[in-house]
Amino acid sequence: MRRDELGPYSSFTHFCLDVVEEYNTGSGEEISMVEGVGATFVAQRARASQNPVKISLVYSPHSFNMCGVLGLLLHDPDAQAATEIYDGLSLLQHRGQDACGIVTCGAKGRLYQCKANGMVRDVFDSKSLQPLVGSMGVGHVRYPTAGSSAHAEAQPFYVNSPYGIVFAHNGNLINTDNLKQFLDADAHRHINTDSDSELLLNIFANNLQKTGKFRINEEDIFTAIGDLMQDCKGAYACVAMLAGFGIIAFRDPNGIRPVGFAKRRGASGGTDYVCSSESVVADASGFGSWEDVQAGEAIIITRTSFSRRRLVAGATFAPDIFEYVYFARPDSVLDGVSVYRSRMAMGVNLAREVDRVLREKDMKVDVVIPVPDTSRVAALELAQILNLPYREGFVKNRYVGRTFIMPGQQMRKKNVRKKLNAMALEFSDKVVLLVDDSIVRGTTSKEIIQMAKDAGARKVIFASCAPPIRYSNVYGIDMPSRTELVAHGRTEEQIAEYIGADVVIYQTLPDLIDSVQQLNTTLDGFDCSVFNGFYVTGHVDETYFAHLERLRSDNAKMKQLSNGSTAPPITNRINGFSHKAVNGNGVGLYESIELSNGCSGPMNGADSTVGLHNSWEGSMTERERNQLLA
């Protein structure tokens, strides 16, 4: 298949992050992509070609999410919430760049949705927002992690019974097998995707169903969420909406993933409320009095009332410290701690460790250069403490996604070079101290160090704001299996040799904890499991790790699909109809099969026009769809 035969979808790298690497093979073009919309688009747009095509799909049978959630309730029933939700999701884009969605609730509890793979700015426009009527709604952004990138994984999810529930989730459950068994054998609820978000939704729905009531109240909802917290193990920050009732938010008993709420005076009186993963959404939309939902707490917001209750007490409060290191925006405040201030403190503490190591090794540094963007705050503070010049030596291409989650080492390696460019004038003949937020696989760090040396650096010292990452994250951040982590089983000297640095310097774990804790002394502890291997929820053992690593390893993620001189079987479903690409003579190039994690049911997949009105199915025109189905 030649590039000119892919149509407009050949430029969709920044849109759906599906096409992650492209290169010429000489006789034709080979495309490696994340399974889902991109793969389907390529198959759908295929035409007769002089050269064969080999299409490689990156996939996994399970999903682990790093996401952003948002709920909005406007007091004025005639107001429209969609535009503000869109603005809020744009501010949470850093938490999820794979898929996004909005579901609103209008008059008489009618629900309207738009969700698809892609960035917020590309999925939504005035045409897709206009049908999303209603004064309250829920939004979600999803990160491209180890799971499928199919529409089936796009949130918010929905179930019509009982009462019509819309659900958005950030985190990961660790007892999914038990929950699936219960929902299948006891609750008789069909699970349509591999997302644990759908499991949470159905556990919640089943608990509400037990009331048997025609209409429920706040007490029933608190009881249902309390029972959910007893059954569901892991990390979760959730925002839900009950049709015609209100907005709900709750957080797992350990408070691992963040969520909070704020309020403002409504345009026509009353009080508007917003719930969000980060406080920056509230700040930008004119909301005040931001408060974090506490660990094990739930809040219920209606037009006439606000209720909150701690449903599980006594569990260790342990927010994920990696939120402060990497994921959260610097202008957010999480659990009373400014992310920006915590990164400044990381720079101060790291400066002391760098000074100690440099004295010990009798080395001097000429310049401090951050690896954009997260480490800039810490690097600047470190440079000031050590009285060293601070320079921006790397220029970043902002249209390439984060690399540590890209499946396949060669893809990650190539994308680092696309992402950053080193300016030789800042590196030439200098001993350079590079500062980064963390070192995960080491692939990115290795390429960055080589770029610095190629630009003329005499020596490269690499400093990490985070301690060595030696263990897997099981709470919603898709990090590699332990054996793929560069720090697993290696000393710091061995890590330096592997990534090509002259010296590697890590922040110590006590100093990292101090960087955050000094800004809120009521925080007794954090989830530091990726650094120390302690999992606060329990229920994480070698059996679980073996299962997890089978799912996360690069070998499990990568599946090469090729078959001689013809393209591999690829198809998907639109509104329940299977289709296949055809050549100019009407002859099918692909046999019809279904992609794993494809959309086979109404609400949680791409064929989402059943049940919700004004659903948006993607970027294909009606004419293109009819051609494919012909």
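Quantities reported herein were computed from a predicted structural model and do not represent experimental measurements.

Asker: I would appreciate a short explanation of unusual backbone geometry in the present structure.
Answerer: Negative phi characterises most residues that are not glycine, and trans characterises most peptide bonds. The omega torsion of the bond from Gln155 to Pro156 falls at 5°, within 30 degrees of zero and hence cis. Following Ser161, the chain continues to Pro162 via a peptide bond in cis, the omega torsion being 0°. Residue position: Pro162 is located in the loop between β8 (157-159) and β9 (165-173). Of note in this structure, Asp362 is not a glycine but carries a positive phi near 55°. Counting through the fold element by element, Asp362 comes out in the loop between α11 (339-361) and β19 (367-370). The exposed category is assigned to Asp362, whose relative accessible area is 70%. A positive phi angle is found at Asp429, which is not glycine, with a value near 60°.

Asker: What is the right way to look at α11 in this model?
Answerer: Think of an α-helix as turning once every 3.6 residues; residues three or four places apart then point the same way. Here α11 contains 23 residues, and its C-alpha end-to-end distance of 32 Å stays within 8% of the 33 Å for a straight helix at 1.5 Å per residue. Count one or two residues on from α11 and you reach Asp362, which has phi positive near 55°.

Asker: Help me understand the sheet that holds strand β4 (residues 67-73) in this model?
Answerer: Spatially, the 7 strands line up as an open sheet ordered β6-β5-β7-β4-β13-β12-β14, and their pairing is antiparallel. With partners counted over all chains shown, the strands left at the sheet margins are β6 (111-117) and β14 (288-292), one partner each. Taken pair by pair, the neighbouring strands of this sheet meet at an average axis angle of 10°, ignoring direction. Judged from the 3 bridges that link them, strand β12 (residues 260-265) and β14 form a sheet pairing that is antiparallel. In the strand pairing of β14, Lys263 is matched with Gly288.

Asker: So what exactly am I meant to see when it comes to the pattern of salt bridges here?
Answerer: Tallied over the entire structure, the rule returns 25 salt bridges. Residue Asp366 pairs with Arg458 through a salt bridge whose shortest N-O separation is 3.4 Å. One end of the pair, Asp366, is in the loop between α11 and β19; the other, Arg458, is in the loop between α15 (443-454) and β23 (459-464), and 92 residues separate them in sequence. A relative accessible area of 35% places Asp366 in the partly exposed class. You can call Arg458 partly exposed: its relative accessible area is 48%. When salt bridges with common partners are traced through the structure, they connect Arg95, Arg257, Glu278, Asp320 and Glu323 into a single cluster.

Asker: Sorry, what's going on with the sheet that holds strand β15 (residues 297-301) here?
Answerer: Backbone-to-backbone hydrogen bonds join strands into a sheet, with any given pair of strands oriented parallel or antiparallel. Across the sheet, which stays open at both edges, the 6 strands sit in the order β8-β9-β10-β11-β15-β16 with antiparallel pairing between neighbours. Only two strands of the sheet have a single partner each, and these edge strands are β8 and β16 (306-310). Strand-to-strand twist of the sheet, defined as the mean angle between neighbouring strand axes without regard to direction, takes the value 15°. Relative to the sheet, helix α7 (residues 196-209) contacts β8, β9, β10 (234-242) and β11 (246-251), its axis offset from that of β9 by approximately 125°.

Calculation notes
Residues numbered from 1 in each chain as written. Predicted model: local features only at pLDDT ≥ 70, side-chain atom pairs only at ≥ 80, totals over all residues. Heavy atoms only, no water. Helix = DSSP H or I, 4+ residues; strand = E, 2+ residues; numbered from the N terminus. Buried < 20%, exposed > 50% of the residue type's maximum accessible area, 1.4 Å probe, protein only. Expected span 1.5 Å × (residues − 1). Pairing = 2+ DSSP bridges. Axes fitted to C-alpha atoms, helices over the stretch in contact; angles between N-to-C directions. Salt bridge = Lys/Arg side-chain N within 4 Å of Asp/Glu carboxyl O. Contact = heavy atoms within 4.5 Å.

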